Amino acid sequence: MGDIRTELVVWAGLALLLIAAETLVPGVFLMWLGFAAAAVFVGVLLLPGIPPLWQAVAFIALSFLSIWIYWRFFRQSVEVPSDHPMLNRRAAQLVGEVFVLEQAIVNGQGRIKIGDALWVVHGTDMPVGTSVRVTGGDAMTLTVEAVG
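Residues numbered from 1 in each chain as written. Predicted model: local features only at pLDDT ≥ 70, side-chain atom pairs only at ≥ 80, totals over all residues. Heavy atoms only, no water.

Q: Which residues make up the side chain of Gln55, and what are the values?
A: Mapping Gln55 onto the fold places it in helix α3 (residues 52-78). For Gln55, a relative accessible area of 1% gives the class buried. Reaching out from Gln55, the side chain makes a polar contact with the side chain of Glu7 at a distance of 3.1 Å. (Helix = DSSP H or I, 4+ residues; strand = E, 2+ residues; numbered from the N terminus. Buried < 20%, exposed > 50% of the residue type's maximum accessible area, 1.4 Å probe, protein only. Polar contact = N/O pair within 3.5 Å; in protein donor to acceptor, adjacent residues only side chain to side chain.)

This is how it looks when you write it as structure tokens:
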């Protein structure tokens, strides 16, 4: 680098670029790295003559520090508990519900119809038309037991 004006332009440009890039890739640490670059910019502005190697070392150290500050103080407040914790857990939503077997459970596997979808079920062997209660499941497979 060498020239103080060039160094200032590089650090200011890097800070602005990283902070602006956060708008394109939200949730990444680019803004915090931008803050580190801005801090190095201020350091070079206030203390001209810092060797480029030490500027880079300062940027790396401040990057780690700014990300640690984010993780320690800000990340907790960003994570808001969901008012629908089972929203994307369809199998868990069905636990306790009763359905009728569309396809007999043979060798531990059968099918039930829920809405317009057929679900694979696991349980003891039962004939078509048996009412079953969902006791658990994962992804697209439910565990059932006979009702009554």
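Q: Before we move on, could you go through a nonpolar patch on the surface and cite the residues and values that matter?
A: On the surface, Val42, Leu45, Leu46 and Leu47 cluster together into a nonpolar patch covering about 400 Å² of accessible area. Within the secondary structure layout, Leu47 lies in the loop between α2 (30-46) and α3. A relative accessible area of 54% means that Leu47 is categorised as exposed. (Patch = residues over 30% accessible without salt bridge, like charges linked within 9 Å, V, L, I, M, F, W, Y side chains within 5 Å. Areas by Shrake-Rupley, 256 points an atom, 1.4 Å probe, with all protein chains shown as cover. Salt bridge = Lys/Arg side-chain N within 4 Å of Asp/Glu carboxyl O.)

Q: Describe the sheet that holds strand β4 (residues 131-138), with residues and values.
A: Taking strand neighbours around the barrel as the criterion, the five strands line up as β1-β2-β3-β5-β4 in a closed arrangement whose pairing is mixed. Ignoring which end each strand starts from, the neighbouring axes of this sheet average 50° apart. (Pairing = 2+ DSSP bridges. Axes fitted to C-alpha atoms, helices over the stretch in contact; angles between N-to-C directions.)

Q: How would you sum up α2? Please name residues and give values.
A: Here α2 is 17 residues long and its end C-alpha atoms lie 24 Å apart, about the 24 Å a rise of 1.5 Å per residue gives. Buried within α2 are the following residues: Leu30, Trp32, Gly34, Ala36, Ala37, Val40 and Val44. (Expected span 1.5 Å × (residues − 1).)

Q: Kindly report on the pairing of β4, identifying the contributing residues and their values.
A: Relative to β4, strand β1 (residues 98-106) runs antiparallel, the two sharing three bridges. Bridge pairing in β4 places Phe99 opposite Val132. Across six bridges, the pairing between β4 and strand β5 (residues 141-146) is antiparallel. Note on β5: the bridge partner recorded for Val132 is Ala146. Where β4 folds back on β5, the antiparallel hairpin that results is connected by two residues, among which Ala139 adopts a positive phi of roughly 55°.

Q: Mind laying out the nonpolar core, listing which residues take part and the relevant values?
A: Leu94, Leu101, Ile112, Ile114, Trp119, Val121 and Leu142 are the most contacted members of the largest nonpolar core, which has 14 residues in total. Broken down by secondary-structure element, the contributors of at least two residues to this core are β1, β2 (109-114), β3 (117-122), β4 and β5. By residue number, the principal contributor to this core is β1, which donates three residues. Apart from the residues within four sequence positions on either side, Leu142 is in contact with Ala91, Leu94, Ile112, Ile114, Trp119, Val120, Val121, His122, Val134, Gly136 and Gly137. Counting residues in each nonpolar core, the second largest holds 10 residues, with Leu8, Leu30, Ala37 and Phe59 among its members. (Core = buried A, V, L, I, M, F, W, Y, C linked by side-chain atoms within 4.5 Å. Contact = heavy atoms within 4.5 Å.)

Q: Before we move on, could you go through unusual backbone geometry and cite the residues and values that matter?
A: One non-glycine residue, Asn107, lies in the positive phi region at around 55°. Relative to the assigned elements, Asn107 resides in the loop between β1 and β2.

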